[in-house]
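Residue-level listing of the chains:
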Amino acid sequence: MLGSIEAGGTKMNCAIGDENGNIIKQAQFQTTSPAENMPQLTNFFIENRVTAIGIGAFGPVSIDRESELYGTILDTPKLAWRFFPFLKTLKDNLNIPIELQSDVNVAALGEAVYGAGTEDKTVLYITIGTGIGGGVVVNKQFLPTAQHPEMGHVWIKRIPKDTAPSNCPFHTDCFEGLASGPAIEKRWNTNAKNLPANHIAWETEANYIAQGVYQMMLAHAPDRIIIGGGVMKQPQLLPKIKQNMKDQLNGYTYYPALANLDETIVLPALGENAGLIGGLVFASQI
Ligand code: ADP
Ligand code: ZN
């Protein structure tokens, strides 16, 4: 039996499952503090024994296996978690092989192995939710990067009349600052869920998501792009994103995935379970 943890900013999800990515049992806890959450997670895996655990954690978190900080949450605004050694604490408690990656990379792995990227060599996964993040999986493996990518902070060119405040404390015009769920809410003074499908908000949103995805696509040359996260629950968004990307590419389609965006860019196939299933795959690779 394998274990999986999706350590999110609002919820801690944990599960046990098999070698084929099937979740067999799961539990969920509100994310509060290490003092409360670590015993909850430890007890789950004492009651449900596993041979290895794959963790996908909110960031910033060190994924550098050579570093003393590997598995430690870094300089996060969530004060209780700042510099908390998440991986080490769990390993000390459970004494089994456990590895940790960013939440987005782990969800990307889940989608690449059991979701919308099963047939593909190179999968780019991007989530548009409370934040924006992305990960690349090649041959069902994480890329050996120095740290997790921060695709949500690439620069975006504003539509000239858009003077809405950025939702990123560091950047006036980054992808996450302009296109995350909370950024939409700041721009239109209502939750993204409340905006009707024909609202101009979705034209702006599609333009910005297309810019971000366009840059990541040209940087990584993937076979498949999977765009998930709460904001993508708007069904009118995906076709608009594709149209904006085609406009931005302006005929520059030097390889098949670029020439065929309608098939290249898809929604996730695993829904809410991408992270937990990705964690099981990760555990199976330890
Ligand atoms: P998280 O990023 O926190 O893991 P989600 O991916 O669910 O969680 O993203 C949450 C964000 O998605 C919120 O900002 C919310 O406003 C937005 N969102 C959720 N559902 C919808 C929807 N149906 N339409 C538009 N935006 C949505
Ligand atoms: Zn930013």
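Conventions and cut-offs
- Just so you know, the residues in each chain are numbered from 1, in the order the chain's sequence is written.
- Note on labels: chains are lettered from A, ligands numbered from 1, in written order.
- In keeping with the predicted nature of the model, local features appear solely for residues at pLDDT of at least 70, side-chain atom pairs appear and are counted solely at 80 or more, and the whole-chain, interface and lining totals rest on all residues.
- The basis for the side-chain values is all heavy atoms of the structure; hydrogens and waters are excluded.
- Here the rule is simple: two strands pair whenever DSSP picks up at least two bridges between them.
- What counts as a helix is a DSSP run of H or I of at least four residues, what counts as a strand is a run of E of at least two, and both are numbered from the N terminus.
- Lines fitted to the C-alpha atoms define the axes, with helices restricted to the stretch that makes contact. Angles between their N-to-C directions range from 0 to 180 degrees.
- Contact criterion: two residues are considered in contact whenever any of their non-hydrogen atoms come within 4.5 Å of each other.
- Nonpolar cores are built from buried Ala, Val, Leu, Ile, Met, Phe, Trp, Tyr and Cys residues. Side-chain atoms within 4.5 Å join them into one set.
- Exposed residues in this analysis have more than 50% of their type's maximum accessible area, buried residues have under 20%, and partly exposed residues fall in between, with area computed by a 1.4 Å probe over protein chains only.
- Residue ranges assigned to each domain were obtained from an automatic or database domain assignment.
- Summed over both partners, buried area is the accessible surface (1.4 Å probe) that two parts give up on being assembled.
- For this analysis, a salt bridge means a side-chain nitrogen from Lys or Arg found within 4 Å of a carboxyl oxygen belonging to Asp or Glu.
- For this scheme, ten residues count as nonpolar: Ala, Val, Leu, Ile, Met, Phe, Trp, Tyr, Cys and Pro. Four count as charged, namely Asp, Glu, Lys and Arg, and the remainder, Gly too, count as polar.
- A pair of Phe, Tyr and Trp rings is counted when the ring centres sit within 6.5 Å of each other, with Trp represented by its six-membered ring. The angle between the planes then sorts it: under 30 degrees is stacked, over 60 is edge-to-face, the rest tilted.
- Two conditions define a charge sitting above a ring: the NZ of Lys or the CZ of Arg must be within 6 Å of the ring centre, and it must be within 35 degrees of the ring normal.
- For this purpose, a residue is taken to be near a molecule or strand whenever a single non-hydrogen atom of the residue falls within 4 Å of it.
- Here a polar contact means two N or O atoms within 3.5 Å. Within protein one must be a hydrogen donor candidate and the other an acceptor candidate, and residues neighboring in sequence count only if both atoms are side-chain atoms.
- What sets the accessible areas is the Shrake-Rupley method with a 1.4 Å probe; for residues, cover comes only from the shown protein chains.
- The donor definition counts N, O and S atoms within 2.8 Å of each metal and applies 3.2 Å to Na, K and Ca; water is not among these atoms, so some sites may look incomplete.
- Every geometry call rests on angle ranges, with four donors termed tetrahedral when all angles are between 85 and 135 degrees, four termed square planar and six termed octahedral when opposite donors are over 155 degrees apart and all others are between 65 and 115, and everything else termed irregular.

Caption draft 1: Expanded view of the sheet that holds strand S2 (residues 11-17). The sheet built from 5 strands is open, its strands ordered S3-S2-S1-S4-S5 with mixed pairing. The two strands at the open ends of the sheet, each matched to only one other strand, are strand S3 (23-30) and strand S5 (98-102). Between one strand and the next, the sheet's axes are offset by a mean angle of 15 degrees, whatever the strand orientation. Relative to S5, strand S4 (residues 53-57) is paired through 5 bridges, and the arrangement is parallel. Across the sheet, the residue bridging to Ile55 is Leu100, located in S5. Packed onto the sheet, helix H1 (residues 34-47) meets strand S1 (2-7), S2, S3 and S4 and runs at close to 10 degrees relative to S2. Lying over the sheet, helix H2 (residues 86-94) contacts S1, S2, S4 and S5, oriented at roughly 160 degrees with respect to S5.

Caption draft 2: Summary view of the nonpolar core. Membership of the largest hydrophobic core comes to 38 residues, with the highest contact counts inside it found for Ile128, Ile209, Ile227 and Ile241. Put simply, the parts of the chain that give this core at least two residues each are strand S6 (122-128), strand S7 (132-138), helix H4 (175-179), helix H6 (201-220), strand S9 (224-228), helix H7 (237-249) and helix H8 (256-259). In terms of residue count, H6 provides more of this core than any other element does, 9 residues in total. When neighbours within four sequence positions are excluded, Ile227 is seen to be in contact with Ile126, Ile128, Val213, Met232, Leu238, Ile241, Ile265, Val266, Leu267 and Pro268. One finds Met12, Phe84, Leu94 and Ile96 within the second-largest nonpolar core, a separate group that totals 29 residues.

Caption draft 3: Summary view of the side chain of Asn37. Examined against the element boundaries, Asn37 turns out to sit in helix H1. Judged by relative accessible area, Asn37 falls into the buried class, the value being 0%.

Caption draft 4: The domain arrangement of the protein chain, seen in detail. When cut into domains, the protein chain gives domain 1 (2-105 + 272-285) and domain 2 (117-268). The gap between the C-alpha centroids of domain 1 and domain 2 is 26 Å. The interface of domain 1 with domain 2 comprises 12 residues on the first partner and 16 residues on the second. In total, about 1,000 Å² of surface goes out of reach between domain 1 and domain 2, with carbon and sulfur atoms giving 58% of it. Contact with domain 2 buries surface across domain 1, with Val104, Asn105 and Gln285 losing the most and accounting together for 50% of the total. Counting the contacts that link domain 1 with domain 2 gives 0 salt bridges. Listed by contribution, the elements that provide at least two residues to the side of domain 1 that touches domain 2 are S5, helix H3 (103-114) and helix H10 (274-285). In terms of residue class, the side of domain 1 that touches domain 2 is made up of 5 nonpolar, 5 polar and 2 charged.

Caption draft 5: Local environment of the sheet that holds S7. A sheet is described by the order of its strands in space; here 5 strands give the open sequence S8-S7-S6-S9-S10, paired in mixed fashion. Strands at the two margins of the open sheet, each flanked by one partner only, are strand S8 (141-142) and strand S10 (265-266). For S9 and S10, the ladder comprises 2 bridges, and the chain directions are parallel. Residue pairing across strands places Ile226 opposite Val266, the latter belonging to S10.

Caption draft 6: Seen up close, the packing of aromatic side chains. By the definition in use, this model includes 8 aromatic pairs. Measuring from centroid to centroid gives 5.0 Å for Phe142 and Phe282, while their planes differ by 90 degrees, and the two rings are edge-to-face. With a gap of 140 residues between them, Phe142 in strand S8 and Phe282 in helix H10 connect regions that are remote in the sequence. Among the aromatic residues, those joined into a cluster by ring pairs are Phe58, Trp81, Phe84 and Phe86. Positioned over the ring face of Phe58 is Lys78, at 5.3 Å from the centre of the ring.

Caption draft 7: Layout of the site of ligand 1. Neighbouring ligand 1 are the residues Gly129, Thr130, Gly181, Pro182, Asn191, Ala192, Lys193, Gly229, Gly230, Val231, Lys233 and Gln234. At 2.6 Å, a side-chain N or O of Thr130 approaches an oxygen atom of ligand 1. One of the side-chain N or O atoms of Gln234 is found 2.8 Å from a nitrogen atom in ligand 1. Surface burial for ligand 1 is 68%, taken as the share of its 570 Å² of free accessible area covered by protein chains. In the shell around ligand 1, the residues fall into 3 nonpolar, 7 polar and 2 charged.

Caption draft 8: Here's a closer look at the coordination of the zinc ion (ligand 2). For the zinc ion (ligand 2), the protein coordination sphere consists of His153 (ND1), Cys168 (SG), His171 (ND1) and Cys174 (SG), at 2.1 to 2.4 Å. Geometry at the zinc ion (ligand 2) is tetrahedral, judged from its 4 donor atoms and the angles of 101 to 117 degrees they form at the metal. In primary sequence terms, the donor set of the zinc ion (ligand 2) follows H-x14-C-x2-H-x2-C. With a relative accessible area of 7%, Cys168 lands in the buried category. The exposure class of Cys174 is buried, given its relative accessible area of 0%.

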